[in-house]
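Descriptive analysis of the structure
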Amino acid sequence: MDDVFRVADTDLIAYIHPSMANKARHAIQRQLSSLLFTYNEAFDGMVLAYSIEDINKMAKILSGLQPYHGVNLKAKLLMFSPKPDMLLEGKIVRLERESIHVVVLGFCSASIMSENIREEFKYKSIGGLGVFINTSHKRHLIKSGSIIRFLVRSLDEEMLHISGSLIPGNTGCIRWLSKHVDEDSQMERNHKRQREEDLESETHKKEGIAKHHRG
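This report concerns the structure included in the present document. (Residues numbered from 1 in each chain as written. Predicted model: local features only at pLDDT ≥ 70, side-chain atom pairs only at ≥ 80, totals over all residues. Heavy atoms only, no water.)

If you tally the helices and strands in the chain, you get 2 helices and 14 strands. Counting only contacts in the chain whose residues sit at least 6 apart along the sequence, the fraction spanning at least 24 positions is 59%. Accessible surface for the chain amounts to roughly 14000 Å². Of this, 52% is attributable to carbon and sulfur atoms. (Helix = DSSP H or I, 4+ residues; strand = E, 2+ residues; numbered from the N terminus. Contact = heavy atoms within 4.5 Å. Areas by Shrake-Rupley, 256 points an atom, 1.4 Å probe, with all protein chains shown as cover.)

According to the stated counting rule, one finds 4 aromatic pairs in the structure shown. Where phenylalanine 5 meets phenylalanine 80, the ring centres are 5.7 Å apart and the plane angle is 40°; that geometry is what we call tilted. Note that phenylalanine 5 is positioned in strand 1 (residues 5-16) and phenylalanine 80 in strand 5 (residues 69-80), a separation of 75 residues in sequence. Here tyrosine 123 and phenylalanine 132 contribute two aromatic rings whose centre-to-centre distance is 5.5 Å and whose plane-to-plane angle is 70°, an arrangement assigned as edge-to-face. On the basis of relative accessibility, which here comes to 22%, the residue tyrosine 123 falls in the partly exposed class. (Phe/Tyr/Trp six-rings, centres within 6.5 Å; stacked < 30°, edge-to-face > 60°. Buried < 20%, exposed > 50% of the residue type's maximum accessible area, 1.4 Å probe, protein only.)

Restricting attention to buried positions, one finds in helix 1 (residues 24-33) the residues Ala27, Ile28 and Leu32. The buried residues of helix 1 occupy an angular sector of 135° when projected down its axis, which confines them to one face. Elements in contact with the buried residues of helix 1: strand 1, strand 3 (45-55) and strand 5. (Arc of directions from axis to C-beta.)

Here we come to unusual backbone geometry. Although it is not a glycine, aspartate 44 sits at a positive phi angle of roughly 55°. Structurally, the position occupied by aspartate 44 is in the loop between strand 2 (39-40) and strand 3. Taking the relative accessible area as the measure of exposure, aspartate 44 reaches 32% and is therefore partly exposed.

Quick look at the sheet that holds strand 9 (residues 121-126) now. Overall, antiparallel pairing links the 3 strands, which are arranged 9-10-11 in an open sheet. In the strand order of this sheet, the two ends are held by strand 9 and strand 11 (141-143), each with one partner. Neighbouring strand axes in the sheet, compared pairwise and without regard to direction, differ in orientation by 30° on average. Alignment of strand 10 (residues 129-134) against strand 11, held across 3 bridges, turns out to be antiparallel. Following the sheet pairing, valine 131 is matched in strand 11 by lysine 143. (Pairing = 2+ DSSP bridges. Axes fitted to C-alpha atoms, helices over the stretch in contact; angles between N-to-C directions.)

Before going further, it helps to examine the side chain of histidine 101. Locating histidine 101 in the fold gives a position in strand 7 (residues 99-104). Of the polar contacts made by the side chain of histidine 101, one reaches the side chain of serine 99; its length is 2.9 Å. Those residues in contact with histidine 101, other than ones at most four positions away along the chain, are Lys91, Ile92, Val93, Arg94, Glu96, Ala110 and Ser111. (Polar contact = N/O pair within 3.5 Å; in protein donor to acceptor, adjacent residues only side chain to side chain.)

Before going further, it helps to examine a negative patch on the surface. Taken together, the side chains of Glu41, Asp156, Glu157 and Glu158 make up a negatively charged region of the molecular surface. For aspartate 156, the location among the structural elements is in strand 12 (residues 147-156). (Patch = residues over 30% accessible without salt bridge, like charges linked within 9 Å, V, L, I, M, F, W, Y side chains within 5 Å. Salt bridge = Lys/Arg side-chain N within 4 Å of Asp/Glu carboxyl O. Lys, Arg positive; Asp, Glu negative; His and termini not counted. Charge placed at Lys NZ, Arg CZ, Asp CG, Glu CD.)

Counting 28 residues, the largest nonpolar core has Phe80, Ile100, Val102, Ile142, Phe150 and Ile162 as the members making the most contacts within it. Every element with two or more residues in this core is listed here: strand 3, strand 6 (87-95), strand 7, strand 8 (108-113), strand 12 and helix 2 (174-214). Among the elements that take part in this core, strand 12 stands out by supplying 4 residues, more than any other. Setting aside anything within four residues of it in sequence, one finds isoleucine 142 in contact with Ile92, Leu95, Ile100, Phe121, Val131, Phe132, Ile148, Leu166, Gly172 and Cys173. Judged by nonpolar contacts, the second largest core, of 15 residues, contains Leu12, Ile28, Ala75 and Met79. (Core = buried A, V, L, I, M, F, W, Y, C linked by side-chain atoms within 4.5 Å.)

Following this line, the structure appears as structure tokens:
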């Protein structure tokens, strides 16, 4: 999910009423706070947090906005910018036969429709609760409350809603994926080490044969 988050260094103008002249920083913080958890087209993402880096103390009266003053400032913004084909993680809040509903970071919703769930996942009702069971790996379960990794298909900026997919093989329940990836990585390391040992042994054999012929 690293690519989904980025820090933007920005130059902004805050609009301060003269009555707030002695509390300029407070007024600026209020304006920046209004940006939080909303999609901002100028920054191409949603602002999750901010820090004020510098405030120009020379305010200017803004034409057409009198009596407001314009204060230039520099700020760092932590942006949440999901794009198609990026991987996200979220918690399942509702699971049905035809769809899985997820919340990301506590404020952004996502849905994964049945046609975007890979075929090896089959829906079953267990004890009155719906779950998706991976037929290739029986312990890979997706149920309400699970933390899952899914692929972003599209984002509705106005509704802050993501359309997701569980088609790729590296998506599914985080708990299962973490263990599975670790096992696969260990197997790959073992195979790599074995190939290196075999190659080294073969090299030694060839060197021994060459020395024998020279002798």
